[in-house]
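One letter stands for each residue in the lines below.
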Amino acid sequence: PFVVTLYMFVIFLTNYDFIQYKGFEFEDYSFLGFLPPLVKTYFKSLALVVFQSSILPGIVFCVVILFFSRVMFILSIVGFAANYLFVQLLFQHQGESFLILSGFNSVLTAFALGGNLIIPSRKSFVLTVIAALMVVIVTGFFMKVLSPKGLPLLVLPFNFVTLSVLYSLKFRKDQSDLVLLYFQPGSPEENYYYHHTRLARFDRFKTIVPELPFFGKWTVSQGHNGAITHKEKWKHAWDFVVKDNEGSDFSGTGSSVTDYHCFKLPVVAVLDGTAALVVESLPNNDIGEMDLKSNWGNTVIIDHGQGIFSSTSHLDPSSTKVKVGESVKKGDVIARCGNSGRSPTPHLHFQFQPTDRLGDNTLDYPIGHYLEKNNDGYMLHTFDVPAQNMEVQNIEVHKIIQRAFELKYGDKMVFDCATGEDSRREEWEVRTDIYNNLFIQSSAGATAYFVIVGKIFYMTDFMGKRDSALYWFYLMSVRVPLCYEPNLRWDDRYPLSKVMNNLLRYTSEFLLVFNPQIKAGGSFRFKERSSEAEEYTIANTISAKGSGLFSFFKKTWEGELSIDRKGSIKQISIVSPNKPRICITANALEEKKE
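Presented here is a report on the structure given in the accompanying data block. Given the structure is predicted, the values throughout are model-derived calculations rather than measurements.

**A short note on the overall build of the chain**
Here's step 1: When helices and strands are tallied, the chain shows 12 helices and 24 strands.
Here's step 2: Against the 2.2 N^0.38 benchmark of 25 Å for 594 residues, the chain shows a C-alpha radius of gyration of 32 Å, more extended than a compact globule.
Here's step 3: Classification of the 594 residues of the chain by burial places 51% in the buried group.
Here's step 4: Looking at the chain alone, contacts between residues at least 24 apart form 62% of all its contacts between residues at least 6 apart.
Here's step 5: For the chain, the accessible surface area stands at approximately 28,700 Å², while carbon and sulfur atoms represent 55% of it.
Here's step 6: Counting 59 positive and 59 negative side-chain charges, the chain places the averaged centre of each group 4 Å from the other.

This is the structure we're talking about:
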């Protein structure tokens with residue numbers, strides 16, 4: 001619109017012979033004589049970005065870019081250098097004016113396609129070089145077309161190339177590493193951190209959130225791509241058994257089906273749905289025997305919608321609790337574990353599949369969330385695939401933890417914050433935006449977005465002041481399972497821009513698109529309670545660690561978030577080296593809607 005409108009205005013002015021287009025001439029300063037001619041041309045191209053025909057604004061603008069974004073600074077150099085190379089190859093006799101104009105458009109195009117409208121990556125830098133060639137060609141074309149008409153070139157090549165590339169990228173079948181900006185933009189670095197943190201945290205997320213098909217702890221006896229039967233089109237399946245403390249799945253001699261710990265244990269629906277197929281009349285096998293004609297044995301297949309079916313097999317005969325066409329809810333008992341079909345010993349076979357056909361090929365679909373038992377306690381998994389020999393169980397919601405994090409529209413909380421000798425009061429209110437996304441608004445000038453997926457509370461974004469209580473709440477509760485298991489552990493990621501703002505981070509960003517040199521994350525755990533009267537506490541070690549050239553760097557904060565027995569967030573405390581302890585205490589003015 002800017003270019004078209006200006007051309008209309010320039011053409012209109014031709015009605016007046018006393019008004020003429022002057023063009024541009026750059027003044028050369030003697031005190032800058034030490035600069036090579038190519039560097040001067042680079043600064044002149046930058047000056048045109050801010051509509052100036054003096055080299056000094058170009059130098060100032062270059063410094064501003066460097067402070068605002070290291071990625072944009074490098075992009076300006078890459079875009080201009082590629083432009084210079086292609087001009088020399090294609091137009092050997094063009095003067096400095098052509099080089100400045102094409103360089104100016106190439107720099108703008110590099111900003112847009114290299115990091116502002118596309119997430120910065122190695123491929124976006126390659127695209128910047130290709131776009132510079134396109135700019136040179138388009139500049140040469142439009143100069144031939146517009147010069148006889150007395151029309152200036154302006155930013156027409158930038159507009160033409162950028163819009164053409166963005167439009168063409170929308171028709172890709174696969175997104176690859178050239179990711180168009182899909183959120184409110186910040187600097188290229190902030191865009192990069194936000195996108196890659198979101199990818200690491202939510203890439204495997206699905207629209208439906210299945211759970212494991214049983215109660216209590218079971219062990220994966222055969223996982224995906226198993227050694228026995230989970231091969232080829234049936235490779236995305238699980239076999240589950242129950243093992244005792246000695247690691248055995250049976251007691252006694254194991255010669256009878258009743259010796260096996262999982263035999264006749266309840267099997268549950270992993271999601272809401274409708275029973276699509278029920279097989280229940282096949283007998284259990286004797287130990288060591290298999291019914292190869294009825295491979296799957298007694299089976300219940302449930303239609304969960306969206307092309308997702310779950311199939312549980314080798315069930316106990318006549319134990320099914322549902323009929324074809326009946327609705328089931330997540331967690332409803334649908335049958336009991338047996339030893340029918342191709343099953344030498346009692347176990348549960350489970351898979352996702354695309355149809356209700358018995359024995360159909362499997363789907364690679366993750367379990368929404370589950371706990372893995374290990375020697376030190378438990379590890380939280382979200383949208384993951386239980387692996388061979390894992391002892392796993394579903395999350396059991398703890399009402400007190402759930403109440404603390406199940407924030408609703410209109411909830412209000414008040415906190416007293418103390419940092420060293422400074423203290424203040426901060427008020428929070430839960431609100432919603434026009435897209436029905438819930439967020440916490442703080443009186444200290446901060447906003448934190450959150451969502452509950454299944455049985456997990458997630459912080460999805462934070463904006464605003466980092467000296468606020470809400471900021472520390474964001475760091476301490478970026479992901480919280482709504483359960484309580486002593487020594488339950490989990491890890492999560494933060495965008496580095498939310499944790500660090502210093503010279504070291506800015507320096508590392510010169511290498512950002514090749515490999516992020518510093519990453520930030522949190523290691524969480526539920527602390528064990530010594531008595532029933534004690535509060536529930538989440539401990540977190542927040543860390544920023546360097547790698548490669550920055551492997552010397554490591555910074556950590558230790559934090560705790562405590563929840564009282566009423567289900568209210570009572571206190572947040574943060575300890576950081578060489579800084580005063582931060583203590584955030586809930587005030588009695590808290591108001592939560594029921």
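**Some points on the side chain of Asp-433**
Here's step 1: Relative to the helices and strands, Asp-433 is located in the loop between strand E14 (422–432) and strand E15 (438–442).
Here's step 2: For Asp-433, which is buried and forms no salt bridge, the nearest opposite charge comes from Arg-198, at a distance of 11 Å.
Here's step 3: Apart from the residues within four sequence positions on either side, Asp-433 is in contact with Phe-439 and Tyr-449.

**A word on the pairing of strand E10 (residues 367–374)**
Here's step 1: Summarising burial for E10: six of the eight residues are buried, a large majority.
Here's step 2: Relative to strand E11 (residues 377–384), E10 runs antiparallel, the two sharing seven bridges. Considered in E11, the bridge of Leu-371 is made with Leu-380.
Here's step 3: Counting the residues between successive antiparallel strands, the hairpin from E10 to E11 contains two residues.
Here's step 4: Of the pairings in the sheet, the one linking E10 to strand E12 (residues 391–393) comprises three bridges and is antiparallel in character. Opposite Glu-372, over in E12, you have Val-392 as the bridge partner.

**Topic: the pattern of salt bridges**
Oppositely charged side chains may form a pair once their charged atoms are brought near each other.
Here's step 1: Per the counting criterion, the structure on display carries 15 salt bridges.
Here's step 2: As a salt-bridge pair, Glu-560 and Lys-527 come within 2.8 Å of each other at their nearest N and O atoms. Taken together, the residues span a long stretch of sequence, with Glu-560 in strand E22 (residues 554–563) and Lys-527 in the loop between strand E20 (518–526) and strand E21 (536–546) at a distance of 33 residues.
Here's step 3: For Glu-560, a relative accessible area of 32% puts it in the partly exposed group.
Here's step 4: Judged by its relative accessible area of 27%, Lys-527 is partly exposed.
Here's step 5: Several salt bridges converge on common partners, so that one network encompasses Arg-70, Arg-505 and Glu-509.

**Some details on the nonpolar core**
Here's step 1: Phe-405, Ile-440, Met-459, Phe-473 and Tyr-494 are the most contacted members of the largest nonpolar core, which totals 117 residues.
Here's step 2: For this core, the element with the highest residue contribution is helix H5 (residues 96–116), accounting for nine residues.
Here's step 3: The contacts of Phe-405, once residues within four sequence positions are left out, are Ile-452, Phe-457, Phe-473, Ser-477, Val-480, Leu-482, Ile-538, Leu-561 and Ile-563.

**Remarks on the packing of helix H2 (residues 37–49) against helix H3 (residues 55–68)**
Here's step 1: Where H2 meets H3, the closest approach of the two axes is 7 Å, and the angle between their N-to-C directions is 80°. The pairing of H2 with H3 is recorded here as roughly perpendicular in orientation. Side by side, H2 and H3 meet where Lys-40, Tyr-42, Phe-43, Lys-44, Leu-46, Ala-47 and Val-49 of the first sit next to Ile-55, Gly-58, Ile-59, Phe-61, Cys-62 and Ile-65 of the second.
Here's step 2: Class assignment for the residues of the contact of H2 with H3 results in 10 nonpolar, one polar and two charged.

**Some words on the environment of Val-397**
Here's step 1: Structurally, Val-397 can be placed in the loop between E12 and helix H9 (399–405).
Here's step 2: Leave out the neighbours within four places in its chain, and Val-397 touches Gln-402, Lys-455 and Leu-482.

**Section: helix H7 (residues 156–169)**
Here's step 1: The end-to-end C-alpha distance of H7, which contains 14 residues, comes to 20 Å, matching closely the 20 Å that a straight helix rising 1.5 Å per residue would cover.
Here's step 2: Here H7 has its buried residues at Leu-156, Pro-157, Phe-158, Val-161, Thr-162, Val-165, Leu-166 and Leu-169.
Here's step 3: Close packing links the buried residues of H7 with helix H1 (2–13), H5 and helix H6 (122–146).

**Digging into the pairing of strand E6 (residues 309–315)**
Here's step 1: Judged by how many residues are buried, E6 sits mostly within the fold: seven of seven residues are covered.
Here's step 2: In the sheet, strand E5 (residues 298–303) pairs with E6 via five bridges, with the strands oriented antiparallel. In the strand pairing of E6, Val-300 is matched with Thr-312.
Here's step 3: Between E5 and E6, which follow one another and run antiparallel, lie five residues, and Gly-305 among them has a positive phi close to 80°.
Here's step 4: Examined bridge by bridge, E6 and strand E9 (residues 348–353) share five bridges and lie antiparallel to one another. Bridged to Ser-313 within E9 is His-349.

**A look at the environment of Gly-140**
Here's step 1: One can find Gly-140 in helix H6.
Here's step 2: Here Gly-140 falls in the buried class, since its relative accessible area comes to 15%.
Here's step 3: For the pair Gly-140 and Pro-157, spaced 17 residues apart in sequence, the C-alpha to C-alpha distance is 9.4 Å.
Here's step 4: Contacts of Gly-140, omitting those with residues within four sequence positions, involve Phe-91 and Phe-98.

**Description of unusual backbone geometry**
Here's step 1: Positive phi values are uncommon outside glycine, yet Leu-154 reaches one of about 55°.
Here's step 2: Among the structural elements, Leu-154 can be located in the loop between H6 and H7.

**Re helix H10 (residues 469–476)**
An α-helix turns once every 3.6 residues. As a result, residues three or four positions apart point the same way.
Here's step 1: Taken across its eight residues, H10 has eight buried, putting it largely inside the fold.
Here's step 2: For H10, the set of buried residues is Ala-469, Leu-470, Tyr-471, Trp-472, Phe-473, Tyr-474, Leu-475 and Met-476.

**Considerations on the packing of aromatic side chains**
Here's step 1: Summed over all chains, the structure comprises 39 aromatic pairs.
Here's step 2: Ring geometry for Tyr-29 and Phe-31: centres 5.5 Å apart, planes at 45°, overall tilted.
Here's step 3: A network of ring pairs unites the aromatic residues Phe-405, Phe-415, Trp-428, Phe-450, Phe-457 and Phe-473 as a single cluster.
Here's step 4: Across from the ring centre of Tyr-378, 5.6 Å away, lies the NZ or CZ of Lys-373, which sits over that ring.
Here's step 5: Across from the ring centre of Tyr-536, 3.9 Å away, lies the NZ or CZ of Arg-529, which sits over that ring.

**Describing a nonpolar patch on the surface**
Here's step 1: Residues Phe-9, Phe-12, Tyr-16, Phe-18 and Ile-19 make up a contiguous nonpolar surface patch of about 530 Å² in total accessible area.
Here's step 2: Here Phe-9 is to be found in helix H1.

Procedures and definitions
- Residues numbered from 1 in each chain as written.
- Predicted model: local features only at pLDDT ≥ 70, side-chain atom pairs only at ≥ 80, totals over all residues.
- Heavy atoms only, no water.
- Helix = DSSP H or I, 4+ residues; strand = E, 2+ residues; numbered from the N terminus.
- Rg over C-alpha atoms; globule rule 2.2 N^0.38 Å.
- Buried < 20%, exposed > 50% of the residue type's maximum accessible area, 1.4 Å probe, protein only.
- Contact = heavy atoms within 4.5 Å.
- Areas by Shrake-Rupley, 256 points an atom, 1.4 Å probe, with all protein chains shown as cover.
- Lys, Arg positive; Asp, Glu negative; His and termini not counted.
- Charge placed at Lys NZ, Arg CZ, Asp CG, Glu CD.
- Salt bridge = Lys/Arg side-chain N within 4 Å of Asp/Glu carboxyl O.
- Pairing = 2+ DSSP bridges.
- Core = buried A, V, L, I, M, F, W, Y, C linked by side-chain atoms within 4.5 Å.
- Axes fitted to C-alpha atoms, helices over the stretch in contact; angles between N-to-C directions.
- Parallel < 35°, antiparallel > 145°, perpendicular 65-115°, else oblique.
- Nonpolar A, V, L, I, M, F, W, Y, C, P; charged D, E, K, R; others polar.
- Expected span 1.5 Å × (residues − 1).
- Phe/Tyr/Trp six-rings, centres within 6.5 Å; stacked < 30°, edge-to-face > 60°.
- Lys NZ or Arg CZ within 6 Å of the ring centre and 35° of its normal.
- Patch = residues over 30% accessible without salt bridge, like charges linked within 9 Å, V, L, I, M, F, W, Y side chains within 5 Å.

By themselves, these figures tell us nothing about what the structure is for.
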